[in-house]
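# Secondary and tertiary structure notes
What follows is the residue order along each chain.
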Amino acid sequence: MFIFELLVQGLIQGGIYALIAIGLTLVYGLLRILHVAHAGLYALGGYCAILITNASGSFGLALTCSMIIVGIIGMVVYRIFYQPLLDKAPFVALIASIGLFIAMEEIFRIIFGAYGLTFSAPPLQDTVVFLGIYLRQCEIASIVLAIGLIAGLSLFTKYSRIGIAWRATVTDPEMAESFGVDVIKVRYLNFFIGSMMAAAAGSMVALLNNLVEPTMGSVPSYKALAIIVLGGLGNVRGTLIASLAIGIAEAVGTIYLGNILDRDSIAFAFLIVVLMLKPQGLFSKG
Amino acid sequence: MEYEISLLTIVGISIIGALSLNMILGFCGQISLGHAAFIGVGAYTSSILTKSGVPFLLSLPGAMALSCLIGIIVGFSSLRVRHDFLAITTMGVSFLFTGVVRKQEVLGGEMGIAMIPDPGWGKLGYMVFVILLVVILAIFSLYLKRSWMGYTFDAVAEDEDTASIVGVNVASFKLIAFALGTAFAGLAGALYAHNVKFIDPESFGFIESITVLSMVVIGGTGSVWGVITAAAVLSVFPLWFQFIDDYKLLVYGTLLCIVMLFSPQGLSGIVADLKGRLVNSKEGLHAAD
Amino acid sequence: MLQINDITVDFGGVRAVDQVSFVLKKGELLGLIGPNGAGKTTLMRVITGSVTPSLGTVRLEDRILNKLPSYQRIRLGIGLSQQIVSPFRSMTVLENVAFVAGYHKTKNPIASLFKVNRSPENEEAKRLLNMVGIEEVASSSPSNLPLGYLKRLELARALALKPKLLLLDEPLAGLNQVEAVQLSDTLWELNRKGQTIILIEHNLSEVIRICHRLVVIDNGRKIGEGEPHMVMNDADVQSAYLG
């Protein structure tokens, strides 16, 4: 039973990682940029969720608004910071992104204080029994949301016109362009959807912990980078599997490796071992 | 006077840290986002050595050696992975370092190590020692750039495949860059530990890696003078103006963005650009004659 | 001097080179020709070590090269001028060549730290730039030069290694007719002084003019070998070229 509980906790965490990492891997797949500032958008999503819930009293409304606002800001970030750097050496955009991320964290701290924000009346905190284990409603909600969004994304890319164009562009930008795909539009869409999912993750984490802090993005940001490498940069399915694997490995690892390694290093220890054995990630194509 | 002395000591240590990263990133073109971890290895090594009775001057080579050894191991990863993958791997090294150190009782765990022995030279003596090392390292960096090793680093930094097709043993040169850079990072760490006399895992976290990276990038990767200037300015301003200290990271972050957007070659790029314009306008004048 | 034995290369199910063998004698100028995509460049890369064959051996003098990394093969005496030029753009044209001319100074990576003097290499580089006819751009950055210059820079850089065997992958592409004739004269002259050369080239008239012997490849297979005029009259070769 204990193991089952760990597994469920791992899945909850893994779902959150997946929501963050998918946006990151999509940006990498399209533009070959390691979008570190993505985690800043994730934190922004958390802040929006708490601020709007406290003002309106509805978490559902807050979640929706947060996703839309952050999605738009994601597009702005692309326009201002990445578009001008696309033809520069790859580390140029990476360093700019790190700079932006640090600046964002600092702005959160300066505006909302170092101790962060909490819900005035945290919703969805009642405990329910599910398959014999105790879970909070918000934990169930976060799994449901993760599954819903990821399924929605996969339907969208399979069946909608713009979704198909998007997938084609990620696979082969030049080919897609020659078939008349508007690559610029696809990039904006990419940042909108990726940032939206990060905001969803940020909102759910805010709810799970009843807390947002300026530095809440630090650890997930680097962990999400580790995850997308494990998943084979740019590979969405691999990223999904890697997210869940890391979530579960951490839940189990904290119990059994807790004395020698701290929880947040597990992903990286795993990553470094994998990279040494398979430099292109676990699920790379070819 | 006391204040200026401690200021100069801190500036000197920052410069050594930045010049050490410059050897890896600037000279050899290998991105490292975990440099503070190597500074940390040096700091912990020399602290433990001196606390167990080893003289300060002997603890320095010890710190450099261990840091260098771990640097070579990480350097091996640069042979397996490149560019983006290397960035993430070295970032991982940074997190692994703090993650592991935090859990080790021997290393003081979360609490860190306090009461690190003083070398006993007084504040002024220590400052002079640090400045002396800065000068030596700066001269060494300038020399390295002119040597055939520096020439080869240029080639490796620009294009590894082409370098190997003209007979360069790319792997060895990359390892040497990591070995040199991390050894001097270890030195910076040891100097830091004996200056502050207290260290904990947080002093060598990812943010510190980015701080060192900012100095190198804002100064201009590869430019010894640029990096020295940027390291001096970026470490002294927060101390001079207390109000900046609160906003230090905001300033670093914003500067990183601005520099990347407008002058990826940093200060040295701006200077070279100005010089070029000056020469051009002079030539323009001559042409007008 | 060079022995290519049964070399076969597969790229994920596609057979790019299929059991090609030939021998190169010291002092020879061998033309390696064939239609686009025939596998010539791949074969060149097998020799320099950037492509691993699934079968076969490459032997230089009495050493089997298969297990050696590229840089060691280069140091055994193979100079490569690539089809796609790749100058170091952070260096000037002269620095590009001088860097390679100092290959003995960078042989031992640690010892290279203690060597500073660049003047003999600069002199050698000037001589080579003069030989290929681009000495007037010695101090320019490669970024601003037309392809014809970069092709010759690539050649000068390969020569700076003082190779026993010079591999040239389309050195004449991008040059105009006058430059092409001049450069192939230079190659012929080099060869006359004893330089062993393998030349991949599309400019057939120049190939036939200067080469001693041709090897023809089509679809990864060797379809002809011998004295230039004989080979070009061969029915298989003609049909490969004319389709």
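In this text the structure is predicted, and so the values were computed from the model without any measurement. (Residues numbered from 1 in each chain as written. Chains lettered and ligands numbered in written order. Predicted model: local features only at pLDDT ≥ 70, side-chain atom pairs only at ≥ 80, totals over all residues.)

## Brief notes about the overall build of chain A
Our working definition: Every helix listed is a DSSP run of H or I at least four residues long, and every strand listed is a run of E at least two residues long, numbered separately from the N terminus. Here the globule rule reads 2.2 Å times residues to the power 0.38, and the radius of gyration is calculated from C-alpha atoms.
Looking only at helices and strands, one finds eleven helices and two strands in chain A. Helices (α) and strands (β) of chain A occur, in sequence order from the N terminus, as α-α-α-α-β-β-α-α-α-α-α-α-α. For 286 residues, the compact-globule formula gives about 19 Å, and the C-alpha radius of gyration of chain A, at 19 Å, lands near that figure. In terms of overall dimensions, chain A has C-alpha extents of about 55 × 45 × 40 Å along its principal axes.

## A short note on the sheet that holds strand S9 (residues 213-218) of chain C
All names here are of chain C. Quick reminder of the rule: Two strands make a pair as long as DSSP finds a minimum of two bridges between them. With axes taken as lines fitted to C-alpha atoms, and helix axes fitted only over the stretch in contact, angles between N-to-C directions fall between 0 and 180 degrees. Residue pairs qualify as contacts under a 7 Å threshold applied to their C-beta atoms, which are placed from the backbone.
On the basis of which strands lie adjacent, the open sheet formed by six strands has the order S6-S7-S8-S3-S9-S10 and mixed pairing. The two strands at the open ends of the sheet, each matched to only one other strand, are strand S6 (78-81) and strand S10 (221-226). Sheet twist, expressed as the average angle between the axes of neighbouring strands with direction ignored, equals 15°. Across the sheet, helix H5 (residues 147-159) lies against S6 and strand S7 (165-169), angled at about 175° from S6, the strand it touches most.

## Side note on the pairing of S6 of chain C
The two faces of the sheet receive side chains in turn, since in a regular strand these alternate between them. Residue and element names in this part refer to chain C. Operational definition: With C-beta atoms placed from the backbone, the exposure class of a residue follows from how many other C-beta atoms lie within 10 Å of its own: 20 or more, buried; 12 or fewer, exposed; in between, partly exposed.
Of the two faces of S6, the one holding Ile78 and Leu80 and the one holding Gly79 and Ser81 are both buried throughout. Pairing geometry for S6 and S7, over four bridges, is parallel. Its bridge partner lying in S7, Ile78 is registered against Leu165.

## Remarks on the interface of chain B and chain C
As a reminder of what qualifies: Polar here means any residue other than Ala, Val, Leu, Ile, Met, Phe, Trp, Tyr, Cys and Pro, which are nonpolar, and Asp, Glu, Lys and Arg, which are charged; Gly is therefore polar.
Chain B puts 22 residues into the contact, and the matching count from chain C is 25 residues. Where the side of chain B that touches chain C is concerned, the elements lending two or more residues are helix H5 (122-146), helix H6 (148-158), helix H7 (160-165) and helix H8 (170-196) of chain B. For the side of chain B that touches chain C, a count of residues per class yields eleven nonpolar, seven polar and four charged.

## Some remarks on the sheet that holds strand S1 (residues 2-11) of chain C
In a beta sheet, neighbouring strands are held together by backbone hydrogen bonds and run either parallel or antiparallel to one another. Residue and element names in this part refer to chain C. With antiparallel pairing, the four strands of this open sheet are ordered in space as S2-S1-S4-S5. For this open sheet the edge positions go to strand S2 (14-24) and strand S5 (63-64), each flanked by a neighbour on one side alone. Summarising the sheet, S1 and S2 pair through seven bridges and their orientation is antiparallel. Following the sheet pairing, Ile4 is matched in S2 by Phe22.

## A look at the interface of chain B and chain A
Many structure descriptions define interface size as the accessible area lost when the parts assemble. Between chain B and chain A, the contact holds 31 residues from the first and 35 residues from the second. In the side of chain B that touches chain A, the residues fall into 20 nonpolar, seven polar and four charged.

## Quick notes on helix H10 (residues 224-240) of chain B
Note the following rule: Take the residue count of a helix, subtract one, and multiply by 1.5 Å to get its expected span.
For H10 of chain B, with 17 residues, the first-to-last C-alpha span of 24 Å sits near the 24 Å given by 1.5 Å per residue. Those residues of H10 of chain B not exposed but buried are Val224, Gly226, Val227, Ile228, Thr229, Ala230, Ala231, Leu234 and Ser235 of chain B.

## Structural notes on the nonpolar core
Heads up, the condition is: In this description, a nonpolar core means buried residues of the types Ala, Val, Leu, Ile, Met, Phe, Trp, Tyr and Cys, linked to one another by C-beta atoms lying within 7 Å.
Ranked by internal contacts, the top residues of the largest apolar core, which has 265 residues, are Leu19, Ile20 and Ala200 of chain A together with Val97 of chain C. A total of 16 residues in this core trace back to one element, the largest contributor, which is H8 of chain B. Those residues in contact with Ala200 of chain A, other than ones at most four positions away along the chain, are Leu19, Gly45, Leu63, Met67, Leu145 and Leu149 of chain A.

## Focus: unusual backbone geometry
Residue and element names in this part refer to chain A. Phi at Arg32 is positive, roughly 55°, even though this residue is not glycine. Tracing the sequence through the fold places Arg32 in the loop between helix H1 (2-31) and helix H2 (38-56). The class for Arg32 is partly exposed, based on 14 C-beta atoms found within 10 Å.

## Re the pairing of strand S8 (residues 196-200) of chain C
Residue and element names in this part refer to chain C. In terms of burial, S8 is largely enclosed, as five of its five residues are buried. Neither face of S8 is open: one carries Thr196, Ile198 and Ile200, the other Ile197 and Leu199, and all of them are buried. Across four bridges, strand S3 (residues 29-33) lies against S8 in parallel orientation. Residue pairing in the sheet places Leu29 in a bridge with Ile197 of S8.

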